[in-house]
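# Coordinate analysis (summary)
Given next are the chains, with one letter for each unit.
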Amino acid sequence: NNANIVFTGFSVLNKPFNTENEAAFINQLTLSYKDYFFSVNFSHLDFSNPSQNTYAYKLEGFNTDWVYIGTTQSVTFTNLNPGSYVLKIKAANGMGEWSTRQALLKITIVPPFWKTWWFYTLCTLAAVLLLFLFVRYREKKLKNEKLKLEQKVEERTKELQHEKLKVEEANKDIKDSITYAKRIQDA
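Residues numbered from 1 in each chain as written. Predicted model: local features only at pLDDT ≥ 70, side-chain atom pairs only at ≥ 80, totals over all residues. Heavy atoms only, no water.

### Some details on the sheet that holds strand E1 (residues 5-12)
The 4 strands are arranged E2-E1-E4-E7 in an open sheet whose pairing can be described as antiparallel. Looking along the sheet, the strands with just one partner apiece sit at the ends: strand E2 (15-16) and strand E7 (74-78). (Pairing = 2+ DSSP bridges. Helix = DSSP H or I, 4+ residues; strand = E, 2+ residues; numbered from the N terminus.)

### Description of the pattern of salt bridges
Pairing of side chains with opposite charge becomes possible as their charged atoms draw close. Summed over all chains, the structure comprises 4 salt bridges. Notably, a salt bridge pairs Glu159 with Arg156, separated by 3.7 Å at the nearest N-O pair. Separated by 3 residues within a single helix, Glu159 and Arg156 lie in helix H2 (residues 117-186), roughly one turn from each other. Since its relative accessible area comes to 44%, Glu159 is described here as partly exposed. The class of Arg156 is exposed, set by a relative accessible area of 53%. Across the pair Lys164 and Glu168 runs a salt bridge whose closest N-O atoms are separated by 3.8 Å. (Salt bridge = Lys/Arg side-chain N within 4 Å of Asp/Glu carboxyl O. Buried < 20%, exposed > 50% of the residue type's maximum accessible area, 1.4 Å probe, protein only.)

### Details of the environment of Trp98
With respect to the helices and strands, Trp98 occurs in the loop between strand E8 (83-92) and strand E9 (103-110). Spatially, the C-alpha atoms of Trp98 and Thr54 are 8.8 Å apart, while their sequence positions differ by 44 residues.

### What to know about the sheet that holds E8
Taken in spatial order, the 5 strands line up as E3-E9-E8-E5-E6 in an open sheet, and their pairing is mixed. Strand pairing shows two members of the sheet lacking a second neighbour, strand E3 (28-32) and strand E6 (67-70), which therefore form its edges. Each strand axis lies, on average, 25 degrees off the axis of its neighbour in the sheet, ignoring direction. Summarising the sheet, E3 and E9 pair through 5 bridges and their orientation is parallel. (Axes fitted to C-alpha atoms, helices over the stretch in contact; angles between N-to-C directions.)

### So, the pairing of E1
Burial runs high along E1: 6 of the 8 residues are buried. Of the strand pairs in this sheet, E1 and strand E4 (residues 37-44) are connected by 7 bridges, and their pairing is antiparallel. The residue of E4 that forms the bridge with Phe7 is Phe42. In this structure, E1 lies alongside E2, joined through 2 bridges in antiparallel fashion. Residue pairing across strands places Ser11 opposite Pro16, the latter belonging to E2. Hairpin connection, E1 to E2: the antiparallel pair is bridged by 2 residues, and Leu13 has positive phi, about 55 degrees.

Structure representation (structure tokens):
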């Protein structure tokens, strides 16, 4: 059984994606993450008993085993994660002989911008920049507080030196008074 399998239609959100003629030649498809519901139609070109043709598919990147769908000539996918997939279709004729050929469709689902590497990089850079700016702001604030404290310490030191001079002067006056009183007493 060497008959081809062809894609006969494709719809996104239940709306035809391409005309049937174009769909037969599609081998690669790129969808947006918003295209969360899509269907692929196909047909086995073995016309010995077409109503008895059976099908199986495997979506590499999603299915690990073949999914046997009987005589149904379409498959629908919903809510696939962004990434790359390969849809493989195989078919058997009415006598159960599986075709040696398979139809392949590469499907790429583009993630939203907030799930892309460049957005993660941009967010990381923004976070690093914000952290850097926060550290710089804190350093500046701490330096200003340090200057204020140094000014207060300097003012207090001057006040203490002034008070010390007053105390020393008062102490000298008291000593001079005691010395004078002692001279008077000795005289």
